[in-house]
Amino acid sequence: TDEQRMKWVVDETEKHCRLAAVTNAVVEAAEKLHDNEYGDIVEKMKAAVLVGLNRDIGIDYFADPRTRLMSMLQQGKKPTGFRDLDFHLFGGIEPGGLNIVAANSGVGKSYFLLNVGMNFVQRGEFVVYLSLELSEEMLGQRLDSMMTGIESRDVLKNIDKVVDGLSLVHKNCGSGRMHFKYMPTGSTVRDVEAWLKEIITVY
């Protein structure tokens, strides 16, 4: 049928474009190796392998508004756990959306995000906290303080109390998890993507 022929043409075109991109990347990589330039070889190979046709043409606004709205209703939003904030966000954070928390240094952005993260965890969600600044240990110590009521400076002096307190918190979280990861300065979106794929395979 015409539809099958079109699908074949699209698939073959996509394969050809990907093969051409990979071939070009390999040739360019050989030249860079010869010149001792190793920096972006891996990045260019990754980009070449991901070459493909964009088959998502978007939404026809008037075609099926009921399905579109029902899909939004079923997807729902994820409340942050802060009533006033959720009110202004029309119910919470939209899955797949981007929310930016901005404030001056020392105001409490990391504490706020740890609170939001734990609210998700206590609802059984899997939360990852990627940091380009604070170490994993520092994030953990701040959350230890928040979860147990023990001052951050006293956490290491009260390890037994902290462990007991976190054990109780964990029991109330069900399947919820919190995972910290420090990523060094200079990390790219691809580094984050690679780490997320790795953590998904672990859990």
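Below you will find a few notes about this structure.

About the criteria used
- Sequence positions are assigned chain by chain, starting from 1 and proceeding in written order.
- Only residues with pLDDT of at least 70 get local features here, since the model is predicted, and only at 80 or more are side-chain atom pairs given and counted; chain-wide, interface and lining totals rely on the full set of residues.
- No hydrogens and no water enter the side-chain calculation; it runs on all heavy atoms of the structure.
- Only the stretch in contact is used when a helix axis is fitted, and all axes are lines through C-alpha atoms; the angle between N-to-C directions ranges over 0 to 180 degrees.
- Each helix corresponds to a stretch of at least 4 residues labelled H or I by DSSP, and each strand to a stretch of at least 2 residues labelled E; elements are numbered beginning at the N terminus.
- By definition in this entry, angles of less than 35 degrees are roughly parallel, angles greater than 145 are roughly antiparallel, angles of 65 to 115 are roughly perpendicular, and the rest are oblique.
- In this description, contact between two residues means that some pair of their heavy atoms is separated by no more than 4.5 Å.
- Each residue gets one of three labels, nonpolar for Ala, Val, Leu, Ile, Met, Phe, Trp, Tyr, Cys and Pro, charged for Asp, Glu, Lys and Arg, and polar for the others, Gly among them.
- Accessibility here uses a 1.4 Å probe with only protein chains present; expressed as a share of the type maximum, an area under 20% marks a residue as buried, one over 50% as exposed, and anything in between as partly exposed.
- Exposure above 30% relative accessible area and the lack of any salt bridge qualify a residue for a patch; like charges then connect within 9 Å, and the nonpolar side chains Val, Leu, Ile, Met, Phe, Trp and Tyr within 5 Å.
- The protein chains shown are the only cover counted for residues, whose accessible areas, like all others here, come from Shrake-Rupley with a 1.4 Å probe.
- What makes a salt bridge here is a side-chain nitrogen of Lys or Arg within 4 Å of a carboxyl oxygen of Asp or Glu, nothing more.

Another aspect to go through is the packing of helix H1 (residues 2–34) against helix H2 (residues 41–49). At a minimum axis separation of 8 Å, H1 and H2 run at an interaxial angle of 170°. As judged from the angle between their axes, H1 and H2 are roughly antiparallel. Contact residues: Arg-18, Ala-21, Val-22, Ala-25, Val-26, Glu-28, Ala-29, Lys-32 and Leu-33 in H1; Ile-41, Lys-44, Met-45, Ala-48 and Val-49 in H2. Counted by class, the contact of H1 with H2 contains 10 nonpolar, no polar and 4 charged residues.

Checked against the element boundaries, Asp-60 lands in the loop between H2 and helix H3 (65–75). According to the relative accessible area criterion, Asp-60 is exposed, its value standing at 54%. Spatially, the C-alpha atoms of Asp-60 and Tyr-129 are 36 Å apart, while their sequence positions differ by 69 residues.

On the surface, Phe-126, Val-128, Leu-130, Leu-196, Val-202 and Tyr-203 cluster together into a nonpolar patch covering about 480 Å² of accessible area. Breaking the nonpolar patch down by element, the ones donating at least two residues are strand S1 (126–131) and helix H8 (189–202). Counting residues per element, the nonpolar patch draws most heavily on S1, at 3 residues. With respect to the helices and strands, the residue Val-202 is situated in helix H8.

Turning next to the pattern of salt bridges. This model, assessed by the stated rule, comprises 8 salt bridges. A salt bridge links Asp-11 to Lys-7, with the shortest nitrogen-to-oxygen separation between them at 2.8 Å. With a gap of 4 residues between them, Asp-11 and Lys-7 both fall in helix H1, about one helical turn apart. Notably, a salt bridge pairs Lys-44 with Glu-28, separated by 2.6 Å at the nearest N-O pair. Taken together, the positions of Lys-44 in helix H2 and Glu-28 in helix H1 put the pair 16 residues apart, joining distant regions of the chain.

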